[in-house]
Amino acid sequence: MKIIYGFETIPAMRHPVATVGSYDGVHRGHQALIGEVVRRAATVGGEALVLTFEPHPRITLQQCENFYLLSSLEEKAALLERYGVDYMVV
């Protein structure tokens, strides 16, 4: 999996299939959604892409009282790669 930081460096892709979210913890619901993105990308001969955030949007919006992340960016990347994502855009 390729990790891309920022929109300016996203390479040209054939037929990207994307999802957007924080994906903290990559729970079963996330896994189902990512699985669908990976399947659709394979069907069209494209790339599975996850657009995620660092820092988490709640931190950016300063709504982080009693807020804890389940996974670091590195852990999230490892999980997304394990589920077949081609690109993670941060």
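Please read all numbers here as calculations on a predicted model, not as lab measurements.

J.: I tried to follow the side chain of Ser71 on my own but got confused; where do I start?
T.: In this fold, Ser71 is placed in the loop between α2 (57–60) and α3 (73–82). A polar contact of 3.1 Å, which involves the side chain of Ser71, links it to the backbone nitrogen of Gly25. When near neighbours in sequence (up to four residues on either side) are disregarded, Ser71 contacts Tyr23, Asp24, Gly25 and Lys76.

J.: What's the story with the environment of Lys76 in this structure? I'm lost.
T.: Among the structural elements, Lys76 can be located in helix α3. The sequence separation of Lys76 and Gln31 amounts to 45 residues, and the corresponding C-alpha distance is 12 Å. Not counting residues up to four positions away in its chain, the partners in contact with Lys76 are Ser22, Tyr23, Val26, Thr52, Phe53 and Ser71.

J.: What am I meant to see in the environment of Ile10 here?
T.: Inspection of the secondary structure assignment puts Ile10 in the loop between β1 (2–4) and β2 (17–20). Owing to a relative accessible area of 32%, Ile10 belongs among the partly exposed residues under this scheme. As for Ile10 and Met88, which are separated by 78 residues in sequence, their C-alpha atoms are 9.9 Å apart. With residues near it in sequence (within four places) discarded, Ile10 still touches Ile4 and Val89.

About the cut-offs
Residues numbered from 1 in each chain as written. Predicted model: local features only at pLDDT ≥ 70, side-chain atom pairs only at ≥ 80, totals over all residues. Heavy atoms only, no water. Helix = DSSP H or I, 4+ residues; strand = E, 2+ residues; numbered from the N terminus. Polar contact = N/O pair within 3.5 Å; in protein donor to acceptor, adjacent residues only side chain to side chain. Contact = heavy atoms within 4.5 Å. Buried < 20%, exposed > 50% of the residue type's maximum accessible area, 1.4 Å probe, protein only.

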